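What the coordinates show
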Amino acid sequence: MLIDGRPTRTIWPAADGSGDVEILDQTLLPHVVEAARLSSLADAAHAIRSMQVRGAPLIGATAAYGLSLALREDASDPGLNAATKTLLATRPTAVNLAWALDQMDRAVRPLPPSARYAAAWARAAEICDEDVETCRRIGEHGLEAIRKIARRRDDGVVKILTHCNAGWLATVDWGTALAPIYAAQAAGIELHVWVDETRPRNQGASLTAFELGQQGVPHAIIADNTGGHLMQHDEVDLCIVGSDRTTREGDVANKIGTYLKALAAHDNGVPFFVALPGSTVDWRLRDGVRDIPIEQRSPDEVTKISGRAASGEVVSIDIAPAGSPALNIAFDVTPARLVSGLITERGLCAASEAGLLGLYPEQGGK
């Protein structure tokens, strides 16, 4: 996708041939567009933990390159095991992290240590390219849902509500929930996107609005609690969100607040779609509310907010009384019964075990 008109990915090998990796530092967006360099396992782990990179697919891609950087220094079995453990501990909810590290382990563990680094680097690059193609296909399949609504609208403008950021900034390119929007834009369908601010880190206001603006998609930022009102007044045609982990029965973990949007959509008869790659499905789990691990982050994300001051400096300010405690739960789970359908790289399906197995029959015995 585009930044200042230039095609850009979120992660890429450093152009100087050093074997390092560069990422778009998302903690600085939307005010500063700047790359950060990853030269070691510690750099990659910090990038994931601090949310310099975020979004389940991009977390997985960064972990893959992080393991490569670790094997550049120590390709022994203990080195491989320790690096995997370190990366797995960075973010507990996004299943793509474990998926990517499993892919890397399969590629390198059978090899002698002398061959592991090169194999790891190649597999990490493949994971990134595969993610781009996967997201492009999600966009194609989601486009069909948008087309159907566009045919029914008198004015032709399809109004879509999304939550958090599940665009290209959450993947290597294209995105999940925003990929159908970009596909619809390319197909000439008129769109308007309602962008939840997404407290407490404001990924909607800072990231989704940034990339939609760069791509020229009409949009407006709304307070998180505005979506229900808009649905009541026929201002939302459909909701599309992403997922950090989805169970085999279709329960969806996504950024905190997603469940409330699904409830409002259900009450108002608004279709509620979840866009995700197959790698985000955790085939081991059935009950999302009970079984999906939910990350809790620093209370500072709730009691402080960052932004650009009149001077142009990006600053962090307190917004709560000194000493007031805060609870910062990062994700919630939307039960499958509230999900109108899942948009994957293999097509659309019901949010159910039967629906998912119809697209991924190879998972039937697991």
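In short, a report on the structure. No experiment lies behind these values; they were computed from the predicted model shown.

A few points about empty space enclosed by the protein
Following the criterion strictly, the structure yields one cavity of 30 Å³ or more and no others. One number sums up the size of the largest cavity: a volume of about 200 Å³. Looking at the largest cavity, it is lined by 21 residues, and the ones nearest its centre are R54, G55, A56, N165 and D244. Here the lining of the largest cavity is built from residues that sort into eight nonpolar, nine polar and four charged.

Notes on the nonpolar core
The biggest cluster of nonpolar side chains holds 37 residues, and the ones touching the most others in it are I11, I23, L38, L67, L71, L87 and M104. At the level of secondary structure, the elements contributing two or more residues to this core comprise β4 (21–24), β5 (35–38), α1 (41–49), α2 (56–73), α3 (77–88), α4 (95–108) and α5 (113–152). Ranked by the residues each element gives to this core, the list is headed by α2, at 11 residues. Those residues within four positions of M104 in sequence are excluded, and the remaining contacts are A64, L67, S68, A120, R123, A124 and I127. By size, the runner-up hydrophobic cluster in this structure holds 34 residues, among which are L24, V158, A166 and L169.

Considerations on α2
Residues three or four positions apart in an α-helix share a direction because the helix packs 3.6 residues into each turn. In this model α2 runs 26 Å from its N-terminal to its C-terminal C-alpha over 18 residues, within 8% of the 26 Å that 1.5 Å per residue would give. Most of α2 sits inside the fold, with 16 of its 18 residues counted as buried.

Points about the side chain of D244
Structurally, D244 is set in the loop between β9 (238–241) and β10 (245–247). Despite its burial, D244 pairs with no opposite charge, the nearest such side chain being R91 at 5.6 Å. With sequence-adjacent residues up to four places away left out, D244 is seen in contact with A56, T93, A94, V95, N96, A253, N254, K255, T280 and F331.

Some thoughts on a nonpolar patch on the surface
Where nonpolar side chains cluster on the molecular surface, the patch consists of I294, L327 and I329 and spans about 240 Å² of accessible area. Inspection of the secondary structure puts I329 in the loop between β15 (314–318) and β16 (331–334). Among the residues examined, I329 registers a relative accessible area of 31% and is labelled partly exposed.

Focus on the layout of surface pockets
By rolling a water-sized probe across the atoms, one finds the places where empty space is left. Put simply, the largest pocket is a space of about 920 Å³. In terms of lining residues, the largest pocket is bounded by 36 residues, among which W99, Q103, G278, S279 and V281 are the most central. Of all elements in the fold, only α2, α4, α5 and β13 (281–282) reach the threshold of two or more residues within the lining of the largest pocket. Looking at which element gives the most residues to the lining of the largest pocket, the answer is α4, with nine residues. For the lining of the largest pocket, the residue count by class is 15 nonpolar, seven polar and 14 charged. As a volume, the second largest pocket reaches approximately 500 Å³. Lining the second largest pocket are 22 residues; nearest its centre among them are T27, R201, N202, I305 and S306. Those elements that place two or more of their residues in the lining of the second largest pocket are α7 (203–215), α11 (300–303), β14 (304–308) and β15. Looking at the lining of the second largest pocket element by element, the count peaks at four residues for β14. Tallied by class, residues from the lining of the second largest pocket come to eight nonpolar, nine polar and five charged.

Re the pattern of salt bridges
For the structure on display, the rule yields 30 salt bridges. In this structure, the salt-bridge partner of R136 is E133, at a minimum N-O distance of 2.6 Å. Of the two residues, R136 and E133 both sit in helix α5, three residues apart, roughly one turn of that helix. Accessibility expressed as a relative area gives 29% for R136, which makes it partly exposed. The network of salt bridges with common partners includes D16, D20, E22, R37, R72 and E73.

Considerations on the pairing of strand β12 (residues 272–275)
Of the two faces of β12, both are covered, the one formed by F272 and V274 as well as the one formed by F273 and A275. Of the pairings in the sheet, the one linking β9 to β12 comprises three bridges and is parallel in character. Looking at the pairing, I240 lines up with F273 of β12. Two strands pair when backbone bridges link them, and β12 and strand β17 (residues 341–344) are joined in this way by three bridges, in the parallel orientation. If you follow A275 over to β17, its bridge partner there is I343.

The rules behind the values
Residues numbered from 1 in each chain as written. Predicted model: local features only at pLDDT ≥ 70, side-chain atom pairs only at ≥ 80, totals over all residues. Heavy atoms only, no water. 1 Å grid on protein atoms, 1.4 Å probe; cavity = no way out; pocket = protein on both sides within 12 Å on 5 of 7 lines; lining within 4 Å. Points joined across faces, edges and corners; volume = space filled by probe spheres on them. Nonpolar A, V, L, I, M, F, W, Y, C, P; charged D, E, K, R; others polar. Core = buried A, V, L, I, M, F, W, Y, C linked by side-chain atoms within 4.5 Å. Buried < 20%, exposed > 50% of the residue type's maximum accessible area, 1.4 Å probe, protein only. Helix = DSSP H or I, 4+ residues; strand = E, 2+ residues; numbered from the N terminus. Contact = heavy atoms within 4.5 Å. Expected span 1.5 Å × (residues − 1). Lys, Arg positive; Asp, Glu negative; His and termini not counted. Salt bridge = Lys/Arg side-chain N within 4 Å of Asp/Glu carboxyl O. Patch = residues over 30% accessible without salt bridge, like charges linked within 9 Å, V, L, I, M, F, W, Y side chains within 5 Å. Areas by Shrake-Rupley, 256 points an atom, 1.4 Å probe, with all protein chains shown as cover. Pairing = 2+ DSSP bridges.

Structural measurements only, silent on function.
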